[in-house]
Amino acid sequence: MDGSTLPAVAEELLREIRKAFQETSQGMLKFIFGPCAVPALDLVDQRSVTRLRSPSGRILYQVLGSSGKLYTCYSSCHYCTCPAFGFSVLQKSESLLCKHILAVYLSQALGACQELPVSEEQLTNILLAEEEDEG
């Protein structure tokens, strides 16, 4: 084996290990979180999760859904403004969470959140807009 073959073999081995790890991780996520696991991973891959932080330290997340609509998620109280959360999680108790909340948790774990500093006023306006949409 010459000196250039070993790095190529090592790189291929690492690619195979990464692939196996990703497949195992996806399988575990599907088993634990059900059908929302793969769509949540897609949202993470598309960098659809944005963490908004105000100067006072208040944090909320916005997730650009696959429909193109922006949903607000609160990881501190495990809540999302999407219709699926309201129906499947709150009303029917069929699921632990929606794909948007799972995408927030996965983005946090993987360090894949977009970061957006906002003023207190901007954060308040976002919260008020959500209240108007629900009302």
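None of these values were measured; they are calculated from a predicted model. (Residues numbered from 1 in each chain as written. Predicted model: local features only at pLDDT ≥ 70, side-chain atom pairs only at ≥ 80, totals over all residues. Heavy atoms only, no water.)

Below, the discussion takes up the overall build of the protein chain. From N to C terminus, the protein chain includes five helices and five strands. Helices and strands appear in the protein chain in the N-to-C order α-α-β-β-β-β-α-α-β-α. When burial is assessed residue by residue, the protein chain has 32% of its 135 residues classed as buried. For the protein chain, restricting intrachain contacts to residue pairs at least 6 apart in sequence, the fraction spanning at least 24 positions comes to 53%. By element, 58% of the accessible surface of the protein chain is carried by carbon and sulfur atoms, the whole surface being about 8700 Å². (Helix = DSSP H or I, 4+ residues; strand = E, 2+ residues; numbered from the N terminus. Buried < 20%, exposed > 50% of the residue type's maximum accessible area, 1.4 Å probe, protein only. Contact = heavy atoms within 4.5 Å. Areas by Shrake-Rupley, 256 points an atom, 1.4 Å probe, with all protein chains shown as cover.)

This paragraph deals with the nonpolar core. Judged by nonpolar contacts, the single largest core of 25 residues is most densely connected at Val 49, Cys 73, Cys 80, Leu 102 and Leu 106. Among residues more than four places away in sequence, those in contact with Cys 73 are Leu 60, Tyr 61, Val 63, Tyr 79, Cys 80, His 100, Ile 101 and Val 104. Grouped together as the second largest cluster of nonpolar side chains are six residues, Leu 52, Leu 60, Tyr 74 and Leu 123 included. (Core = buried A, V, L, I, M, F, W, Y, C linked by side-chain atoms within 4.5 Å.)

Take the pattern of salt bridges next. Using the criterion set out here, one finds two salt bridges in the structure. Linking Arg 58 and Glu 120 is a salt bridge whose minimum nitrogen-to-oxygen distance equals 3.1 Å. Separated by 62 residues along the polypeptide, Arg 58 in the loop between strand E1 (49-53) and strand E2 (59-64) and Glu 120 in helix H5 (residues 120-134) bring together distant segments of the chain. (Salt bridge = Lys/Arg side-chain N within 4 Å of Asp/Glu carboxyl O.)

As a further point, take the sheet that holds E1. Read across the sheet, five strands follow the order E4-E3-E2-E1-E5 without closing on themselves; strand pairing throughout is mixed. In this open sheet, the two strands that pair with only one neighbour each are strand E4 (79-80) and strand E5 (114-117). By the bridge criterion, four bridges tie E1 to E5 in an arrangement that is parallel. If you follow Leu 52 over to E5, its bridge partner there is Leu 116. (Pairing = 2+ DSSP bridges.)

Model confidence for the protein chain is summarised by a mean pLDDT of 85, while 87% of its residues fall at 70 or above. Per-residue pLDDT, averaged within each element of the protein chain, yields its smallest value for helix H1 (residues 5-33) (72) and its largest for E1 (97). (pLDDT = per-residue confidence, 0-100.)

The set of residues buried in helix H2 (residues 37-45) consists of Ala 37, Ala 40, Leu 41, Leu 43 and Val 44. Angular distribution of buried residues about the axis of H2 spans 155°; they occupy a single face of the element. (Arc of directions from axis to C-beta.)

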